[in-house]
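# Structure assessment
Okay, here's what each chain looks like letter by letter:
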Amino acid sequence: MISTTELSHPHRYVPATAPDKSPILLLHGTGGDENDLVPLGQTVAPGAALLSPRGKVLEGGMPRFFRRLAEGIFDEQDVRRRANELADFVHDARNAYGLTAPIALGFSNGANIAAAVLLLRPEALAGSVLLRAMVPLMDPPQVDLHDKPILILSGSDDSIIPAENAARLESILKDAGGAVDHRTLPAGHGLTQADVTIAKAWFAQR
Ligand code: MLT
């Protein structure tokens, strides 16, 4: 078995204080790191174990979870490779820390890789909260999400993600059998208090 220090991604792990709750996989945005979303995770899912990897791709020194060719234009070969790598990390981390399948909580680039993992390696995740996510793959494979709970929170004034793109992501995940709740908030690409409130209520039902 791989030990916690041998895991493929640098990461932070915060053990559960409420072990009955699903662990949370925190996935930061471009330029973030493994520390960024820990306070958010503690706020929206108090007591849950937090597993927070750092993206392994660097763009001008900024960590990300996959390569992009331009803002919103992805290197899909790298999306596939990195989503598989992240799913392998989750598998190994589950064994190392003794965890059940986590629910992903991803923001922006982290939400996009979470969507890619759902479509490529659905067994890796028990569900997902996708904050400001877009379609990660133009031609996603056929997959069965078996009613996995998925919350998508989009911003009506998001300058990076067109509304049409977020709507397409909702359709792809619904068509794949996900139990998708998609809401559009009066917000831009950045998170607002409403994101925190809605995500917290959603996690409280899990
Ligand atoms: C991405 O590259 O994943 C999206 O453009 C969001 C971002 O990280 O800015």
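Notes on the structure follow. Just so it is clear, the model here is predicted, and its values are computed rather than measured.

The rules behind these values
Residues numbered from 1 in each chain as written. Predicted model: local features only at pLDDT ≥ 70, side-chain atom pairs only at ≥ 80, totals over all residues. Heavy atoms only, no water. Helix = DSSP H or I, 4+ residues; strand = E, 2+ residues; numbered from the N terminus. Rg over C-alpha atoms; globule rule 2.2 N^0.38 Å. Buried < 20%, exposed > 50% of the residue type's maximum accessible area, 1.4 Å probe, protein only. Contact = heavy atoms within 4.5 Å. Areas by Shrake-Rupley, 256 points an atom, 1.4 Å probe, with all protein chains shown as cover. Lys, Arg positive; Asp, Glu negative; His and termini not counted. Charge placed at Lys NZ, Arg CZ, Asp CG, Glu CD. Near = heavy atom within 4 Å. Polar contact = N/O pair within 3.5 Å; in protein donor to acceptor, adjacent residues only side chain to side chain. Nonpolar A, V, L, I, M, F, W, Y, C, P; charged D, E, K, R; others polar. Core = buried A, V, L, I, M, F, W, Y, C linked by side-chain atoms within 4.5 Å. Phe/Tyr/Trp six-rings, centres within 6.5 Å; stacked < 30°, edge-to-face > 60°. Pairing = 2+ DSSP bridges. Right-handed = clockwise from strand over helix to strand, strands pointing away.

### Considerations on the overall build of the protein
- Within the protein, the secondary structure is distributed over five helices and 11 strands.
- Taking 206 residues into account, the globule formula puts the C-alpha radius of gyration at 17 Å, and the protein, at 15 Å, falls close to it.
- For the protein, the C-alpha atoms occupy an extent of roughly 40 × 35 × 35 Å along the three principal directions.
- Counting across all 206 residues of the protein, residues that qualify as buried make up 54%.
- Counting only contacts in the protein whose residues sit at least 6 apart along the sequence, the fraction spanning at least 24 positions is 71%.
- Surface accessibility of the protein: about 9,000 Å² in total, with carbon and sulfur atoms responsible for 50%.
- If you average the places of the 19 positive and of the 24 negative side-chain charges in the protein, the two averages end up 3 Å apart.

### Considering the site of the ligand
- What surrounds the ligand is the set Thr30, Arg64, Phe66, Arg68, Gly72, Phe74, Ser108, Asn109 and Asn112.
- Within the backbone of Gly72, an N or O atom sits 3.5 Å from an oxygen atom of the ligand.
- Between an oxygen atom of the ligand and a side-chain N or O atom of Asn109, the distance comes to 2.9 Å.
- Its residues assigned to classes, the shell around the ligand comprises two nonpolar, five polar and two charged.

### So, the side chain of Asn165
- As for its position among the elements, Asn165 is in helix α4 (residues 163-175).
- Overall, Asn165 belongs to the buried group, its relative accessible area being 7%.

### With respect to the nonpolar core
- Of all hydrophobic cores here, the largest spans 42 residues; its most connected members are Leu25, Leu27, Phe89, Leu130, Ile150, Leu169 and Leu173.
- Listing elements by their share of this core, those giving two or more residues are β2 (24-27), α2 (76-97), α3 (109-120), β10 (149-155) and α4.
- A total of nine residues in this core trace back to one element, the largest contributor, which is α3.
- Residues in contact with Leu27, not counting those within four places in the same chain, are Leu37, Pro53, Phe65, Leu86, Ala104, Leu105, Gly106, Phe107, Gly110, Ile113 and Ala114.

### A look at the packing of aromatic side chains
- Counted under the stated rule, the structure contains three aromatic pairs.
- Geometrically, the ring pair formed by Tyr13 and Tyr97 is stacked, given 3.8 Å between the ring centres and 20° between the ring planes. Taken together, the residues Tyr13 in strand β1 (residues 11-14) and Tyr97 in helix α2 connect sequence positions 84 residues apart.
- For Tyr13, a relative accessible area of 22% corresponds to the partly exposed category.
- According to the relative accessible area criterion, Tyr97 is partly exposed, its value standing at 23%.

### A few points about the pairing of strand β11 (residues 179-185)
- When β10 meets β11, the two strands line up parallel, connected through seven bridges. Looking at the pairing, Gly155 lines up with Leu185 of β11.
- Considered for its hand, the β-α-β crossover made up of β10, α4 and β11 is right-handed.

Honestly, it's all geometry; don't read function into it.
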